[in-house]
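Observations on chain architecture
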Amino acid sequence: MTNVAAVRNRPRLVDAVADTLRDWIVTGRLPGGTQLLQIELAEQLEVSRTPLREAFRILERDGLVRTSNNNRTVEVVTITHEDLRDMFRLRLVTDGLAARLAAERGMSAARQAQAEKLLVELSRTSKPPFNPAQRVRAHAEFHELISLASGNRAMDVLLPLIRTSSAAMYLPMGAEPKSVPRSDNDDADTFEAVLTEADDQHREILEAILKGDAEEADRLARDHSVRTLHLLDDLHTWQHQIKHSSQRKAKEPKSARNGG
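The shown structure was predicted, so the numbers you read here are calculated from the model rather than taken from an experiment. (Residues numbered from 1 in each chain as written. Predicted model: local features only at pLDDT ≥ 70, side-chain atom pairs only at ≥ 80, totals over all residues. Heavy atoms only, no water.)

1. What about the overall build of the protein chain?
Operational definition: Numbering of helices and strands runs from the N terminus, with a helix taken as a DSSP run of H or I at least four residues long and a strand as a DSSP run of E at least two residues long. Exposure was quantified through the Shrake-Rupley algorithm and a 1.4 Å probe, taking into account, for residues, occlusion by the shown protein chains and nothing else.
Helix and strand counts for the protein chain come out as 11 helices and 4 strands. Accessible area for the protein chain stands at about 13200 Å²; split by element, carbon and sulfur atoms hold 48% of it.

Right, dumping it as structure tokens:
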């Protein structure tokens, strides 16, 4: 977990604070509905309230918190199953268009290098030890990069949608979901296997863009969103499986968990 006090020398303390709070939201330390109290968080993070308020604005832009009562009340958003479905129905169209335009326009060497770096990071988060916060950042940045590479500045308004939907997909997954089956009827279809398949799809989308194959890039990006929509149908079952798997492990004798 990020230690904000240890990164005071970074150019943007605000970004460090926002990253920490984003990690806490994604990993469930700050669940939906939690009211974020400025004095308490400022003391906990060892920062003043000014960067904290700026961090709240970043998280509000990302769709992870909402403010009310003239910005005096800040609360972690609760994203429902239907909210997620609506987000990915929209992304079914916009992600395909972004990939098509990026393939037609071409991707700079710098953006290609960044995309390759993000694919490596995503691959690392698909295997133990699972890191949902790191995956959220890499996943969102990969899709944001394609949107920016499209050259269509109107696509910029969709960046918060990409960040929020990416985060919301991982919010309920807990710390150790990698070996949990996605459904009761398919023991082989684990969360880890699904992540690996997603990584392969990300690679295929990038390759199509780099080849300049607009039709293929569009199709692959749309297929990726369709796959995500199908996964949402199993989301509640998955949450249930993960929760009870964690509870079973917690009840096991320590010697059994260590194999002794």
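2. Examining the environment of Ser-166
The condition that has to hold: By definition, residues are in contact when any of their heavy atoms lie within 4.5 Å. Polar contact is the term for a pair of N or O atoms within 3.5 Å; when the atoms are in protein, one must be able to donate a hydrogen and the other to accept it, and sequence-neighboring residues count only if both atoms are side-chain atoms.
Within the fold, Ser-166 resides in helix α7 (residues 159-170). Spatially, the C-alpha atom of Ser-166 lies 8.3 Å from that of Arg-137, the residues being 29 residues apart in sequence. Setting aside its immediate chain neighbours within four residues, Ser-166 contacts Arg-91, Val-136, His-139 and Ala-140. In this structure the side chain of Ser-166 is engaged in a polar contact, spanning 2.9 Å, whose partner is the side chain of His-139.

3. Section: helix α1 (residues 13-26)
One full turn of an α-helix is made of 3.6 residues, so residues set three or four places apart face in the same direction. To keep it simple, the criterion reads: Helix span, expected: 1.5 Å multiplied by one less than the number of residues in the helix. The buried label applies to any residue whose accessible area, calculated with a 1.4 Å probe on protein chains only, is under 20% of its type's maximum; exposed applies above 50%, and partly exposed to all values in between.
Counted at 1.5 Å a residue, the expected span for α1 with its 14 residues is 20 Å, and the 20 Å between its end C-alpha atoms agrees. Within α1, 11 of the 14 residues are buried, which leaves it mostly tucked inside the rest of the structure. Residues of α1 that are buried include every one of Val-14, Ala-16, Val-17, Ala-18, Thr-20, Leu-21, Arg-22, Asp-23, Trp-24, Ile-25 and Val-26, and no others. Of the residues trailing α1, Gly-28 is marked for its positive phi of about 90°.

4. A few points about the nonpolar core
Across soluble globular proteins, nonpolar side chains have a tendency to be buried as a group. Selection criterion: In this text, buried Ala, Val, Leu, Ile, Met, Phe, Trp, Tyr and Cys residues form a nonpolar core when linked through side-chain atoms within 4.5 Å.
Judged by nonpolar contacts, the single largest core of 32 residues is most densely connected at Leu-84, Ala-99, Phe-142, Ile-146, Ile-205 and Ile-209. With 7 residues, helix α4 (residues 81-105) is the largest single contributor of residues to this core. Apart from residues no more than four positions distant in its own chain, Ile-209 is found in contact with Ala-99, Ala-102, Ala-103, Met-107, Ile-146 and Ala-217. Formed by 25 residues, the second largest nonpolar core is a distinct cluster that contains Ala-42, Leu-45, Val-47 and Leu-64.

5. Brief notes about the packing of aromatic side chains
The criterion, for reference: Any Phe, Tyr or Trp ring, taking Trp's six-membered ring, that has another such ring centre within 6.5 Å forms a pair; planes under 30 degrees apart are called stacked, those over 60 apart edge-to-face, and the others tilted. In this analysis the charged atom, NZ for Lys or CZ for Arg, is taken to sit over a ring once it is within 6 Å of the ring centre and within 35 degrees of the ring normal.
If you walk through the whole model with that rule in mind, you get 0 aromatic pairs. Arg-29 extends its terminal NZ or CZ atom over the ring of Trp-24, reaching a point 4.0 Å from the ring centre.

6. Overview of the packing of α4 against helix α9 (residues 214-232)
Note the following rule: Inter-axis angles, ranging from 0 to 180 degrees, are taken between N-to-C directions of lines fitted to C-alpha atoms, where helices are fitted over the stretch in contact. Small angles under 35 degrees read as roughly parallel and large ones over 145 as roughly antiparallel, with 65 to 115 read as roughly perpendicular and the rest as oblique. Crossings are sorted by hand: turned counterclockwise from the far helix by less than a right angle, the near helix makes the crossing left-handed, and turned clockwise it makes it right-handed.
Between α4 and α9, the least distance of the axes is 7 Å, while the angle of their chain directions is 170°. For the element pair α4 / α9, the angle class is roughly antiparallel. For the crossing formed where α4 meets α9, the hand is right-handed.

7. With respect to α9
With 19 residues, α9 extends 27 Å from end C-alpha to end C-alpha; this agrees with the ideal 27 Å at 1.5 Å per step. Of all the positions in α9, only Ala-214, Ala-217, Asp-218, Leu-220, Ala-221, His-224, Ser-225, Arg-227, Thr-228, Leu-229, Leu-231 and Leu-232 are classed as buried.

8. Focus: empty space enclosed by the protein
One way to see where empty space is left: roll a probe the size of a water molecule over the atoms. We apply this condition: Cavities and pockets are defined on a 1 Å grid built over the protein atoms alone: a cavity is a set of grid points where a 1.4 Å probe fits but cannot escape, while a pocket is an open set with protein on both sides within 12 Å along at least five of seven lines, and lining residues are those with an atom within 4 Å of any such point. Grid points are joined across faces, edges and corners, and a volume is the space filled by probe spheres set on the points.
Per the stated rule, a full pass over the model turns up 2 cavities of 30 Å³ or more. Computed from the structure, the second largest cavity encloses a volume of approximately 110 Å³. The wall of the second largest cavity is formed by 14 residues, among which Thr-94, Asp-95, Ala-98, His-143 and Ile-162 lie closest to the centre. Elements with a contribution of two residues or more to the lining of the second largest cavity: α4, α6 (132-149) and α7. With 5 residues, α4 is the single largest residue contributor to the lining of the second largest cavity.

9. Comments concerning unusual backbone geometry
Although it is not a glycine, Glu-46 sits at a positive phi angle of roughly 60°. Its location among the elements puts Glu-46 in the loop between α2 (38-45) and α3 (49-61).

10. Some details on the pattern of salt bridges
Keep this limit in mind: We define a salt bridge as a side-chain nitrogen of Lys or Arg found within 4 Å of a carboxyl oxygen belonging to Asp or Glu.
According to the stated counting rule, one finds 15 salt bridges in the structure shown. Here Arg-22 makes a salt bridge to Asp-19, at a shortest N to O gap of 2.9 Å. With Arg-22 and Asp-19 both in helix α1 and 3 residues apart, this pair spans about one turn of that helix. According to the relative accessible area criterion, Arg-22 is buried, its value standing at 12%. A relative accessible area of 24% means that Asp-19 is categorised as partly exposed.

11. Examining the packing of α2 against α3
Interhelical geometry of α2 versus α3 gives an angle of 110° and a closest axis separation of 9 Å. The angle between α2 and α3 falls in the class roughly perpendicular. Facing Gln-38, Ile-39, Leu-41, Ala-42 and Leu-45 of α2, the residues of α3 in contact are Arg-49, Leu-52, Arg-53 and Phe-56.

12. Here's the deal with the environment of Ser-126
Along the chain, Ser-126 falls in the loop between α5 (109-125) and α6. In the structure, Ser-126 is positioned 73 residues away from Asp-199 in sequence and 8.1 Å away in space, judged by C-alpha atoms. Non-local contacts of Ser-126, meaning those with residues more than four positions away in its chain, are made with Arg-135, Glu-192, Leu-195, Thr-196 and Asp-199. Polar contacts involving the side chain of Ser-126 include one to the side chain of Arg-135, which spans 3.1 Å.

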